[in-house]
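Report on the structure
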Amino acid sequence: MMPLSYADKLILAPMVRIGTLPSRLLALDYGADIVYCEEIIDHKLVKCRRVENDILDTVDFVGSDDVPVFRTCRKERERLVFQMGTADPERALRAAKMVENDVAGIDVNMGCPKDYSTKGGMGAALLCHPGKIKEILTTLVKGVSVPVTCKVRILTKLEDNLALARLIEATGVSAMAVHGRLKEERPQHPVHCDVIRAVANQCSIPVIANGGSNDIIRSYQDIASFRDRCAASSVMIAREAQWNMSIFRKEGLYPMERVIKDYLKYAVDYSNPYQNTKFCVQQVLHNSMETEQGAALLRAKSNQEICAIWGMEDYCRRTQEKQMELARAKDQDRLTIKRRKLNDGSTLHQLYAPFKRKNYEVHEQLPKFKLFNMCKRLDIPQPVYITEERPGDRHYQSTVVFNGAKYQSIAWEKRKRSAEHAAASVCLQVQKNEADGDTNIGGNTS
């Protein structure tokens, strides 16, 4: 894959709660060249694990509760920039390495003025610490295989902006986005195109102008005007895209109804949490929330109810039924015991068998206890448990060696003891199946 170029591009800005997968795909459909995800904090990502979602055909980075923190798909792979919030170079690198093979670029948020970001030393708080900016960006540029960028806000003095830009460019980043407002300023304040222009005229890397929504940009034709006023290489759009993603269409804006329906299709296709779907549609309705549709949206408590407002309930129902059918087929496959020969000549039996303590009323029913007693009864060596910890989220998976064979649950557990019980339960299930003459065991997959 060719490295992502940031020159002469129209870009969807990173926006909290807006920059999720359905919105990003819609922006690409409508003409955006590059899309940024919403800011993901490095602390949160490093606790996740990467999961290939066969049902949705996505790559999910999920937390310990199995809820996706970040979801992407092949369609956006070559044009997606992952934006992270960070204040630590080593942790930033750990987070970036986790996603670098699933995105086209890595961006560091150095412009968010909100308390949840700045209190942790992230976002606009970094602007006061040029040494840390240099360390974070240099570490990322040297450590990942995709282009690294950052997004900043402007400083009060012009010479400080120029000095910061020189420092950032010297780290080897591929581009820099500049939001033309001070960290104390909000959208109602005019954007400082002159400061962006001064930075762009000094830099040899692409400078991406941001902050022109509503103030300057209200149509596709206005984008070029904003770029020219800033002498920027590219333009990044936030609020105008939030209200109508078809701002990226050179042919002009689509009606609100069309945009909502196009968005809902992606929200259903990728099983977007209804709360996020609801929020994004609210932004499109914008000044029309007092309408009957707006009132119905506020009452909605599922994607199906939201889709029904726009006559898409049949599409939602059919898609969800297909997804449930695929999930059932996957569950059935997981409930089939698989076996494969290992290099040491032993056989590994695997089954999806998460351990749930509430299913066992007394200690004597616990899998490890029952397996221990089985060994005593058969007068064979006691089982041996080999447990590994998964990096990132500290979950465990155990393999039990029993009578020369190995048994493992493919479910990872939060506790080491639970992982051992899960492995023991797989062993007990296989022994029961063999005693009953049950042949419901998968073939050799080695």
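Just above sits the structure.
As the structure is a prediction and not an experimental result, all values here were calculated from the model. (Residues numbered from 1 in each chain as written. Predicted model: local features only at pLDDT ≥ 70, side-chain atom pairs only at ≥ 80, totals over all residues. Heavy atoms only, no water.)

1. Overview of the sheet that holds strand 4 (residues 49-53)
Strand pairing in a sheet is mediated by backbone hydrogen bonds. Such pairs are either parallel or antiparallel. Reading across the sheet, the three strands line up as 4-5-6 and stay open at both edges, with antiparallel pairing between neighbours. The sheet is open, and its two borders are formed by strand 4 and strand 6 (68-73), each paired with just one other strand. Taking the axes of each pair of neighbouring strands and ignoring which way they run, one obtains an average angle of 25° across the sheet. Taken together, the five bridges between strand 4 and strand 5 (residues 58-62) define a ladder with antiparallel strand orientation. (Pairing = 2+ DSSP bridges. Helix = DSSP H or I, 4+ residues; strand = E, 2+ residues; numbered from the N terminus. Axes fitted to C-alpha atoms, helices over the stretch in contact; angles between N-to-C directions.)

2. Here we look at helix 1 (residues 21-30)
The element helix 1 is largely enclosed, with a buried count of nine among its ten residues. Those residues of helix 1 that fall on the buried side of the exposure criterion are Leu21, Pro22, Ser23, Arg24, Leu25, Leu26, Ala27, Leu28 and Tyr30. (Buried < 20%, exposed > 50% of the residue type's maximum accessible area, 1.4 Å probe, protein only.)

3. Section: the environment of Leu264
Looking at the secondary structure, you find Leu264 in helix 10 (residues 256-269). On the basis of relative accessible area, Leu264 is assigned to the buried category, the value being 1%. Between the alpha carbons of Leu264 and Met312 there is a distance of 8.3 Å; along the sequence they are 48 residues apart. Discounting residues that sit within four places of it in the chain, Leu264 has contacts with Thr277, Val281, Ile306, Cys307, Trp310 and Met312. (Contact = heavy atoms within 4.5 Å.)

4. Section: the packing of helix 6 (residues 158-170) against helix 7 (residues 193-202)
For the pair helix 6 and helix 7, the least separation of the axes is 10 Å and the interaxial angle reads 40°. In terms of orientation, helix 6 and helix 7 fall into the oblique class. The interaxial crossing formed by helix 6 with helix 7 has right-handed handedness. Packed against helix 6, whose contacting residues are Leu158, Asn161, Leu162, Ala165 and Arg166, the element helix 7 presents Val195, Ala198, Val199 and Gln202 at the interface. The residue makeup of the contact of helix 6 with helix 7, split by class, is six nonpolar, two polar and one charged. (Parallel < 35°, antiparallel > 145°, perpendicular 65-115°, else oblique. Left-handed = near helix turned anticlockwise from the far one by under 90°. Nonpolar A, V, L, I, M, F, W, Y, C, P; charged D, E, K, R; others polar.)

5. Overview of unusual backbone geometry
Within the chain, Asp8 stands out as a residue other than glycine whose phi angle is a positive 55°. With respect to the helices and strands, the residue Asp8 is situated in the segment before strand 1 (10-12). The phi dihedral of Asp66 falls on the positive side, at around 65°, and the residue is not glycine. Position of Asp66 relative to the elements: it lies in the loop between strand 5 and strand 6.

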